[in-house]
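Structural features, examined
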Amino acid sequence: MRVPVSWLRDYVPLAMPLDDLATRLSVSTAEVEGIERRGVPDVDGNLGRFRVGRVVEAAKHPNADRLQLCRVDVGDEEPMQIVCGAWNFGPGATVAVALPGAVLPGGVELERRKVRGELSNGMILAEDEVGLGADHTGIMVLDDSFEPGTPLADVLPILDDVLIVEATGNRPDLLSIYGLAREVAALYDLELAPAPGVEVEQVADEPVEVEIEDLEGCPRYIGRLFRDVNVGPSPIWLKARLNAAGMRPISNVVDATNYAMLALGNPLHAFDFVKLHGGRIVVRRARPGEQIRTLDGVVRDLTPDDLMIADAERSVALAGIMGGEETEIGESTTEVLLEAANFEPFTIFRSSERLRLRTEGSNRWEKGVDPYLAQPAATLATQLIVELAGARWVGHTDVHGELPERPVVHYRPERADRLIGLETPAGEQYELLGRLGFDVEGERVVVPTWRARDVTREVDVIEEVARFRLEDVPFTLPVRSAMFGSLTREQQLRRRVEDTLVGLGFVEIYTPSLRPDDETTWKLEEPISVELTALRTRLLPSLVEAARRNAEVGVSGIALFEIARVYLPDKDLPNERLRAAGVLEGGFARVKGVVETLYAALKADLEVERAEDPLLHPGKAAKTPAGVFGEVHPSVLEGTWSAFELDLETLFAAAHEPVIYEDVITYPAVKQDLAFAVAEDVPAGTLVAAAREAVGPELFEIVPFDVYHGEQVGPGRKSIAFRVEFRSPERTLTDEEAAGLREKIVDALQERFGAELRA
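Below: a short report on this structure. In this text, all values refer to a predicted model and were calculated from it rather than measured experimentally.

**Some words on the overall build of the protein chain**
If you tally the helices and strands in the protein chain, you get 17 helices and 38 strands. Whereas a compact globule of 759 residues would reach a radius of gyration of roughly 27 Å, the protein chain reaches 38 Å, over 25% beyond that. Taking the principal axes of the C-alpha coordinates as reference, the protein chain spans close to 120 × 75 × 60 Å. Across the 759 residues that make up the protein chain, the buried fraction comes to 50%. Of all intrachain contacts in the protein chain linking residues separated by at least 6 positions in sequence, the fraction that spans at least 24 positions is 68%. Summed over its atoms, the accessible surface of the protein chain is roughly 36900 Å², and 50% of this surface lies on carbon and sulfur atoms. When the 81 basic and 129 acidic side-chain charges of the protein chain are each reduced to a single mean position, those positions are 3 Å apart.

**Considering the sheet that holds strand 26 (residues 514-515)**
With respect to topology, 3 strands assemble into an open sheet ordered 26-28-27, the strand pairing being antiparallel. Among the strands making up the open sheet, the edge pair consists of strand 26 and strand 27 (521-523).

**Focus: the pairing of strand 37 (residues 717-726)**
Consecutive residues of a regular strand have side chains that alternate between opposite faces of the sheet. The element strand 37 is largely enclosed, with a buried count of 8 among its 10 residues. Bridge analysis of strand 35 (residues 670-679) against strand 37 gives 10 bridges, and the strand direction is antiparallel. Bridged to K671 within strand 37 is E725. Here strand 36 (residues 699-708) pairs with strand 37 via 8 bridges, running antiparallel. If you follow P704 over to strand 37, its bridge partner there is F722.

**Things to note about the pattern of salt bridges**
Tallied over the full model, the rule gives 57 salt bridges. A salt bridge links K60 to D65; the shortest N-O distance between them is 3.3 Å. Taking the relative accessible area as the measure of exposure, K60 reaches 44% and is therefore partly exposed. A relative accessible area of 62% means that D65 is categorised as exposed. A salt bridge links R536 to E562; the nearest nitrogen and oxygen atoms lie 3.3 Å apart. Placement of the pair is R536 in strand 28 (residues 534-536) and E562 in strand 29 (residues 559-568), with a sequence separation of 26 residues. When sorted by exposure, R536 lands in the same class as E562, which is buried. Through salt bridges that share partners, R171, D173, E183, R451, D454, E464 and R467 make up one connected network.

**Considering helix 10 (residues 426-435)**
All buried positions along helix 10 are accounted for by Q429, L432 and L433. Each buried residue of helix 10 sits inside an arc of 95° when the element is viewed along its axis, so together they form one side. Along its buried surface, helix 10 packs onto helix 9 (413-420), strand 24 (444-446) and helix 11 (458-466). Phi for G437, located one or two positions after helix 10, is positive at around 100°.

**Notes on unusual backbone geometry**
Backbone geometry places D44, a non-glycine residue, at a positive phi of 50°. For D228, which is not a glycine, the phi torsion comes out positive at approximately 55°. Locating D228 in the fold gives a position in the loop between strand 12 (220-227) and helix 4 (236-244).

**Looking at the sheet that holds strand 1 (residues 2-4)**
Sheet strands line up and pair through hydrogen bonds in the backbone, either parallel or antiparallel. Here we have 3 strands laid out as an open sheet, ordered 1-10-2, and antiparallel in their pairing. Strands at the two margins of the open sheet, each flanked by one partner only, are strand 1 and strand 2 (31-39). The sheet shows a mean angle of 25° between the axes of neighbouring strands, direction not considered. Bridge analysis of strand 1 against strand 10 (residues 159-166) gives 3 bridges, and the strand direction is antiparallel. Counted as the bridge partner of P4 is V162 from strand 10. The strands touched by helix 2 (residues 18-28) are strand 2 and strand 10; relative to strand 2, the strand with the most contacts, the crossing angle is about 150°.

**Structural notes on the packing of helix 10 against helix 11**
Interaxial distance between helix 10 and helix 11 falls to 9 Å at its minimum, and their mutual angle equals 95°. Regarding the angle of helix 10 to helix 11, the classification is roughly perpendicular. For the pair helix 10 and helix 11, the contacting residues are Q429, L432 and L433 in the first and V461, E464 and V465 in the second. Split by residue class, the contact of helix 10 with helix 11 holds 4 nonpolar, 1 polar and 1 charged.

**Considering the packing of aromatic side chains**
If you walk through the whole model with that rule in mind, you get 10 aromatic pairs. A centroid spacing of 6.3 Å and a plane angle of 65° characterise the contact between Y411 and Y430, whose relative ring orientation is edge-to-face. Note that Y411 is positioned in the loop between strand 22 (408-410) and helix 9 and Y430 in helix 10, a separation of 19 residues in sequence. Here a set of aromatic residues connected by ring pairs shows up, and it is made of W7, W237 and Y259. Stacked on the ring of W450, the Lys or Arg R182 has its end atom at 3.9 Å from the ring centre.

**Let's talk about a nonpolar patch on the surface**
Taken together, the side chains of V27, L470 and V473 present a nonpolar region at the surface, about 210 Å² in accessible area. Inspection of the secondary structure assignment puts V473 in the loop between helix 11 and helix 12 (489-503). The exposure class of V473 is partly exposed, given its relative accessible area of 38%.

**What to know about helix 14 (residues 588-601)**
Over its 14 residues, helix 14 extends 20 Å from the first C-alpha to the last, a length consistent with the 20 Å expected when each residue adds 1.5 Å. Elements in contact with the buried residues of helix 14: helix 12, strand 30 (575-585), strand 32 (616-624), strand 33 (627-632), strand 34 (641-647) and helix 15 (648-654). Two residues or fewer after helix 14 comes K603, characterised by a positive phi angle close to 55°.

**Some details on the packing of helix 5 (residues 252-264) against helix 8 (residues 374-389)**
Where helix 5 meets helix 8, the axes come as close as 9 Å, and the angle between the chain directions of the two elements is 145°. Crossing handedness for the pair helix 5 and helix 8: right-handed. Together, N252, V253, A256, Y259, A260, A263 and L264 of helix 5 and P376, A377, L380, A381, L384, I385, L388 and A389 of helix 8 make up the contact between the two elements. Of the residues contributing to the contact of helix 5 with helix 8, the split by class is 14 nonpolar, 1 polar and no charged.

**Quick look at the nonpolar core**
Burial of nonpolar side chains together is a common tendency in soluble globular proteins. Formed by 112 residues in total, the largest nonpolar core has its most connected members in L8, L21, Y221 and I309. Contact partners of Y221, with chain neighbours within four places excluded, come to V210, I212, F271, I281, V283, I309, E339, A340, A341, T397, D398 and V399.

**Overview of the pairing of strand 32**
Here 2 bridges tie strand 31 (residues 609-610) to strand 32, and the two strands are oriented antiparallel to one another. Counterpart to E609 in the pairing with strand 32 is K623. Here strand 31 hands over to strand 32 after 5 residues, the two strands then running antiparallel side by side. As paired strands, strand 32 and strand 33 are joined by 5 bridges and run antiparallel to one another. In the strand pairing of strand 33, T624 is matched with G627. Here strand 32 folds back onto strand 33, and the loop between the two strands holds 2 residues.

**Structural notes on the side chain of Q672**
By the element assignment, Q672 lies in strand 35. Polar side-chain contacts of Q672 include one of 3.4 Å to the side chain of R742. Those residues in contact with Q672 that lie beyond four places of it in its chain are F722, R723, V724, F726, A738 and R742.

Conventions and cut-offs
Residues numbered from 1 in each chain as written. Predicted model: local features only at pLDDT ≥ 70, side-chain atom pairs only at ≥ 80, totals over all residues. Heavy atoms only, no water. Helix = DSSP H or I, 4+ residues; strand = E, 2+ residues; numbered from the N terminus. Rg over C-alpha atoms; globule rule 2.2 N^0.38 Å. Buried < 20%, exposed > 50% of the residue type's maximum accessible area, 1.4 Å probe, protein only. Contact = heavy atoms within 4.5 Å. Areas by Shrake-Rupley, 256 points an atom, 1.4 Å probe, with all protein chains shown as cover. Lys, Arg positive; Asp, Glu negative; His and termini not counted. Charge placed at Lys NZ, Arg CZ, Asp CG, Glu CD. Pairing = 2+ DSSP bridges. Salt bridge = Lys/Arg side-chain N within 4 Å of Asp/Glu carboxyl O. Arc of directions from axis to C-beta. Axes fitted to C-alpha atoms, helices over the stretch in contact; angles between N-to-C directions. Parallel < 35°, antiparallel > 145°, perpendicular 65-115°, else oblique. Nonpolar A, V, L, I, M, F, W, Y, C, P; charged D, E, K, R; others polar. Phe/Tyr/Trp six-rings, centres within 6.5 Å; stacked < 30°, edge-to-face > 60°. Lys NZ or Arg CZ within 6 Å of the ring centre and 35° of its normal. Patch = residues over 30% accessible without salt bridge, like charges linked within 9 Å, V, L, I, M, F, W, Y side chains within 5 Å. Expected span 1.5 Å × (residues − 1). Left-handed = near helix turned anticlockwise from the far one by under 90°. Core = buried A, V, L, I, M, F, W, Y, C linked by side-chain atoms within 4.5 Å. Polar contact = N/O pair within 3.5 Å; in protein donor to acceptor, adjacent residues only side chain to side chain.

Now the structure itself:
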């Protein structure tokens, strides 16, 4: 959320440096991601060169039909002559002026200069020229109550700082300027101004018909009717605040609803009352097959899960998300129905996600807005509509079910001291809670309505005290009086995998488990966002993306690994598997060495076969019972890269841990070399396994050391040479015994694979 500091100052006095404020908020309340400086540069007295001016004379430039030659009173002894290209003002207009030497937001410095032969001593300003908006169709015409010569910064926020605040999902109260002001006032023990908005006079008592068919989806609906509405542009100060907060000004009526939402946190909506069929509002679920064209011009198919705002005949808005095009406020609108409602969070979230439609309103509703906030939001919006659009407030209704009572929590200050680890006097604890809006009645703490969703237990109240004491926590570890338990076998082996990979030069990274929906993911029925719609079933795609980003910014020697869960499709819930995956620069030989080192570190036997994988190069991919490794296909990642992904449960099952001691065999071995001609597609590892099965423990070692292709073995065949050791733990083997073991190998390989002994 973007929080203009000038707006925040309306509700709480800010005397502290902004850096200090940002740090304290980040520690105790919500992350402040940055402070943005907007508007006119504040250097070398630059602000003093921007003033309020009053046009004394305005006439056509003698040498240019499209220019005006003006004389403007800026508070000096004599009016200043200024050439201006806008025609939306005349003599007597109050305007904003930049004098010679003024530096504009883009860095341009104004100078006295002749324009078509006439001297111009500065500039009469439009909104975009001082960073207050995007409008350049005409200059800003100010309120006539401002005196010429008044510093422009005193009447318009031509220089402002904006806090970029990232509130957590459990704090919807911080998605408002006033909510953040309440936190600042509590942190610094400052006086908080009353909530904005003054109830204006209701000049008539016309009926406003509202029916709620689904009180669970819409616990409250306030409707207010206005007549004689003059829709037009908002005043400069309002447009400037909306722009600074990241919203586009539209018209005075729509801007009033957005201003109230940003100020207090309760989204509102305004309907053209004349376009409502039957002049009534019905809050209901969508009918089967129903559609609505929303304000963005898109026709959307609805389901009975969608909560709708309807009139007597059809739906006119997606509740809490976006209004319909048919009842949009326009220049011809003269009668307005204001909606200030409350909606159930999950209903709004589900519709917003299904329709892929995220708005400022839906972002707030899905986190849970205080139902008691609808009334003050309606009050502020009503005040603005009456003042800015000259409207008459003629009707009001407030339809609601039983609104939730404030939670009451049993609270013990001594319990807070034990959990926090710091002693805070009980009186100080109660005083801190009071500044946050909690009421204390003996050992009972009554939670404010805007915190009712996330403060429901004693430990939640303790957390409120704790976050005010975080800066007092000493930089020491607590004394450990006892230690229990030890690492499991799986934990020990996982650490060994991590240590081995780090020792090989890898860097561990963490990537999201949620990804866009594709062939490597498992799609979620209720995704948390449009971008993250599925659970991954592999780690490698995320690692490849990370490697690509690092390579694009010039990083060299990249070797990344991750140990995390994947989610394989199963009946109802995904089958979660813990895997280790890595990607590194270099070809097949490099990743083969990595996998061999991992298996050796775990004392596991490595059995390798050829494999095919969509991410790996054909002919340069292999698999073990635990997973795959090989060279990354160049279409996936440009350059020569390799990767692996192994299932740790399978890998750990093959690990010989703990290591069991075997007596050293002191009897000499009988060593021989054997070469077999076999079909090209027979892996060496398969021959080794068959030989061990045929001979048993007396085959101490069998290692392939050479492969030959040529005329001597014929087309489609290859010759593999093995180094063989026979050894017995009980005696020295005779030549006859060794020959018998050799024949067992020859017979087994010939019978199973058609192997021909060559040597």
